[in-house]
Amino acid sequence: MEETHQKYLQTYLQQFSYLSPKELELLRSQLSFNEYKSKDFFFKNGEIQKKMGYVCKGLLRRYYINEKGKSITTGFVKENEYATDYPAFIQQRPSKYYMECLEPSTIIELSYDDIQEGYKNFKNNEKYGRLIAEKVLTIQTDRVESFLFETAEERYLNFVKDNPNLINRISLTHLSSLLGIERQSLSRIRSKIAKK
């Protein structure tokens, strides 16, 4: 297991080519690995997320429960992506979301306090925060705009194009929820596309 963790660690640290050896050493010392089983939660609604997660292996689903008690999927987090409710995380306020593992997952974790310490002590660490913020903002903006400017079929086709390796790892129920359509509508869209 240790060897696998070393590989994951190397892949993760490659993102930080701009850090000095001293900064890299500090970051390395602050990281921890956690193994999650399928159906485990990375965090739940009402909790304050204390650690930023980076998915080395596995798949998570972010969702909330609406006023009718229905679970609404707002995103999936796969390998080499960050598991976070970033706006709530940076403000250390309770999340409105659940982040649940759909598969057994290996996650590198970095605590909020360590991130803040890094910001204070090393100028370069602020770049790390900015890059995550930009990534999260882009994902959220793309999702909102897809509802404003695309048909259900376009949303589906774009999801498949952007996530070719995810389509066989998620249920149609979760996917239809993400796309904001009924499951039957998604089945119709899929069979229509298959006939083309």
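This text goes with the structure placed above it.
Residues numbered from 1 in each chain as written. Predicted model: local features only at pLDDT ≥ 70, side-chain atom pairs only at ≥ 80, totals over all residues. Heavy atoms only, no water.

Engineer: Which residues make up the environment of Gly 46, and what are the values?
Structural biologist: Counting through the fold element by element, Gly 46 comes out in the loop between strand 2 (41-43) and strand 3 (51-57). You can call Gly 46 partly exposed: its relative accessible area is 47%. When the C-alpha atoms of Gly 46 and Tyr 97 are compared, they prove to be 7.8 Å apart, with 51 residues separating the residues in sequence. Not counting the four nearest positions on each side in its chain, Gly 46 is found in contact with Pro 94 and Ser 95. (Helix = DSSP H or I, 4+ residues; strand = E, 2+ residues; numbered from the N terminus. Buried < 20%, exposed > 50% of the residue type's maximum accessible area, 1.4 Å probe, protein only. Contact = heavy atoms within 4.5 Å.)

Engineer: Describe the pairing of strand 3, listing the residues and the values that go with them.
Structural biologist: Counting buried residues along strand 3, 5 of its 7 residues qualify, which places the element largely inside the surrounding structure. Alignment of strand 3 against strand 8 (residues 105-111), held across 6 bridges, turns out to be antiparallel. Bridge pairing links Met 52 to Leu 110 in strand 8. (Pairing = 2+ DSSP bridges.)

Engineer: Can you tell me about the packing of aromatic side chains, naming the residues and giving the values?
Structural biologist: Inspection of every chain in the model, using the stated rule, returns 12 aromatic pairs. Among the aromatic residues, ring-to-ring pairing joins Tyr 12, Phe 16, Tyr 18, Tyr 54 and Tyr 82 into one connected group. Sitting over the ring of Tyr 63, Arg 61 keeps its end group 4.0 Å from the ring centre. Taking the ring centre of Tyr 97 as reference, the NZ or CZ of Arg 62 above it sits at 5.5 Å. (Phe/Tyr/Trp six-rings, centres within 6.5 Å; stacked < 30°, edge-to-face > 60°. Lys NZ or Arg CZ within 6 Å of the ring centre and 35° of its normal.)

Engineer: Hey, could you go over the pairing of strand 5 (residues 71-77) for me, with residue numbers and the actual values?
Structural biologist: Most of strand 5 is tucked away: 6 of the 7 residues are buried. In this structure, the hairpin formed by strand 4 (residues 60-65) and strand 5 is closed by a connection of 5 residues, where Gly 69 is found at a positive phi of approximately 85°.

Engineer: Before we move on, can you summarise a nonpolar patch on the surface with the specific residues and values?
Structural biologist: Taken together, Val 144, Leu 148 and Phe 149 make up a surface patch of nonpolar side chains, about 360 Å² in accessible area. Its place among the elements puts Phe 149 in helix 5 (residues 125-149). (Patch = residues over 30% accessible without salt bridge, like charges linked within 9 Å, V, L, I, M, F, W, Y side chains within 5 Å. Areas by Shrake-Rupley, 256 points an atom, 1.4 Å probe, with all protein chains shown as cover. Salt bridge = Lys/Arg side-chain N within 4 Å of Asp/Glu carboxyl O.)

Engineer: Explain the layout of surface pockets residue by residue, including any values.
Structural biologist: Quantified by volume, the largest pocket comes out at close to 850 Å³. What lines the largest pocket is a set of 32 residues, among which Ile 139, Asp 142, Arg 143, Phe 159 and Asn 163 lie closest to the centre. Those elements that provide at least two residues to the lining of the largest pocket are strand 5, helix 3 (86-91), helix 5, helix 6 (152-162) and helix 7 (172-179). Among the elements that take part in the lining of the largest pocket, helix 5 stands out by supplying 10 residues, more than any other. Of the voids in this model, the second largest pocket is the one considered here, and its volume is about 190 Å³. Forming the walls of the second largest pocket are 13 residues, and the residues nearest its centre are Lys 70, Thr 173, Ser 176, Ser 177 and Ile 181. Counting residues per element, the ones that place at least two in the lining of the second largest pocket are strand 5 and helix 7. (1 Å grid on protein atoms, 1.4 Å probe; cavity = no way out; pocket = protein on both sides within 12 Å on 5 of 7 lines; lining within 4 Å. Points joined across faces, edges and corners; volume = space filled by probe spheres on them.)

Engineer: Give me the lowdown on the nonpolar core, citing residues and values where you can.
Structural biologist: One finds Tyr 12, Phe 16, Leu 31, Met 52, Tyr 82 and Tyr 128 to be the most contacted residues of the largest nonpolar core, which totals 22 residues. For this core, the elements supplying multiple residues, two or more each, are helix 1 (2-13), strand 3, helix 3, strand 8, helix 4 (112-121) and helix 5. Residue contributions to this core peak at 4 residues, all from helix 1. Not counting residues within four places of it along the chain, the set of residues in contact with Tyr 12 comprises Leu 31, Tyr 54, Tyr 82, Ile 108, Leu 110 and Tyr 128. In terms of nonpolar packing, the next biggest core, distinct from the first, is built from 13 residues, Phe 76, Tyr 156, Phe 159 and Leu 178 among them. (Core = buried A, V, L, I, M, F, W, Y, C linked by side-chain atoms within 4.5 Å.)

Everything listed here is a matter of geometry and, on its own, says nothing about what the molecule does.
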